[in-house]
Every structure is written in C-alpha cells, then in structure tokens.
Amino acid sequence: MDKRVAVTVLVAAALAQVSCGSFGWKKVRSAQVSGFDWKNCGPPDVPAVLKTLTMSPDPIPIPGDLTASASGSTAVELSAPLSLNVTLEKEVAGFWVKVPCLDEVGSCHYQDACDILSQLIPPGQDCPEPLHTYGLPCHCPFKAGSYTLPQSDFYLPNVDLPYWLTNGDYRIQGVLGSQGKELGCLKITLSIHSD
C-alpha cells in the first residue's frame, strides 16, 4: 500500500474515532496521567508566563491525591474579554492528529476565558482552596504582577470524559489573547490511561 494512502487511512480512522461519538461521555472509574510536561511557547516578550510548575506523583491517579506548586507572572492586567485558543492533538499510529472541537472539548476557541471562570466559580464566591488561603485570584481581572502557589495538596475526584479522550498520548497548546494580541502561550504533553 502506498505510504500516502496508509497515512490518509490512519488519519481518517482517527478522525472517525473522535467524531463518531462526539456526544459519548464515559464515567472514568480510575485513570492515570503520566509523562506530564510543559513549556511556554509564546514570543520572548509575551507578557504572561508560567515560571514553574511541579506535580507529583507520576503517574497522577484519578481519583487520588496530587501535590502541586506553581509560579507565574503577567506584565499586564488580564481582563475580559480574554480569548483562549486551544489546540488538542492525539497520537494515532505514530502521527499527531488534531482533535476537533466537540461539545466544547478539543481544539476549541473560547471567546472569553473570564466568562468560563465565572461559570465555574460564580462571582462573589470565595476562590477554592488552596487559592483562597494564599490570596490567589480565580476571577478576572488578574492584576499585573507575580503569583505563587506554594506546594499544596489536592484531591482529584472521578471525572466524566469524552470516550475518545480516555486513553492515549496528547499534546495541548493554549494561546491566551486580547484585542488581537497574544498575551501568553503554554504547551503541555501528557498520557492518559483509564479503566
């Protein structure tokens, strides 16, 4: 079989796997996230950067306990509307395939990340622990400055995931922007294995 035909068939099969059951969510009884890695991907003068991020154990159990610490900074205030462009790729037979945006999961454009935060944590409600303890914000605007989360323990509960996101190797890139200007970029790689 011609290499181009084989690649086309593999990509088509991967896209069919992703899109055929776009509404199929799976209750994950247990999962492990391994090989978590990250890096900034914006230009050198991008105003918002993640400086450190550590998580343990590896693999990270879901459900289970996670220990994490992080630090970052922004040279400008991050305020609404704050666009977020996410590109999600899954490795299929040695090729990276872009996962389309399905049910607001995948390679999606979110017009305002601030609005998403407000839906998750309604305005007026205290930020969840340990953000509250360390005085870290969870709503826009995020003032210019440095932010640090000391080593903290979290419990990760069971989650519902699209069935196509339950096993595999993934690359995720998130680009934060406002008024057509890139404010920050982060690339993450990880593997998920679930039961």
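Definitions and cut-offs
Residues numbered from 1 in each chain as written. Predicted model: local features only at pLDDT ≥ 70, side-chain atom pairs only at ≥ 80, totals over all residues. Heavy atoms only, no water. Disulfide = S-S within 2.5 Å. Helix = DSSP H or I, 4+ residues; strand = E, 2+ residues; numbered from the N terminus. Buried < 20%, exposed > 50% of the residue type's maximum accessible area, 1.4 Å probe, protein only.

As recorded in an unreviewed UniProt entry, the protein chain goes by the name MD-2-related lipid-recognition domain-containing protein, listed as coming from Oreochromis aureus.

Draft legend 1. The arrangement of the state of the cysteines in detail. Evaluated as defined, the whole model comprises 4 disulfides. Covalently, Cys114 is tied to Cys140 through a disulfide, its sulfur atoms 2.0 Å apart. Handedness of the Cys114-Cys140 disulfide follows from its S-S torsion of about -80°: it is left-handed. With a gap of 26 residues between them, Cys114 in helix H2 (residues 113-120) and Cys140 in the loop between H2 and strand S9 (145-156) connect regions that are remote in the sequence. We classify Cys114 as buried; its relative accessible area is 5%. The class of Cys140 is partly exposed, set by a relative accessible area of 22%.

Draft legend 2. Summary view of unusual backbone geometry. Cis peptide bonds are those with omega within 30 degrees of zero, and the linkage from Asp58 to Pro59 qualifies with 10°. As for its placement among the helices and strands, Pro59 is situated in the loop between strand S3 (48-56) and strand S4 (60-62). With an omega of 0°, the peptide bond running from Glu129 to Pro130 counts as cis. Locating Pro130 in the fold gives a position in the loop between H2 and S9. Positive phi is not limited to glycine here, since Glu104 has a value of about 65°.

Draft legend 3. Summary view of the environment of Gly177. Positionally, Gly177 belongs in strand S11 (residues 168-178). Residues Gly177 and Asp112 lie 65 residues apart in sequence; the distance between their C-alpha atoms is 9.4 Å.

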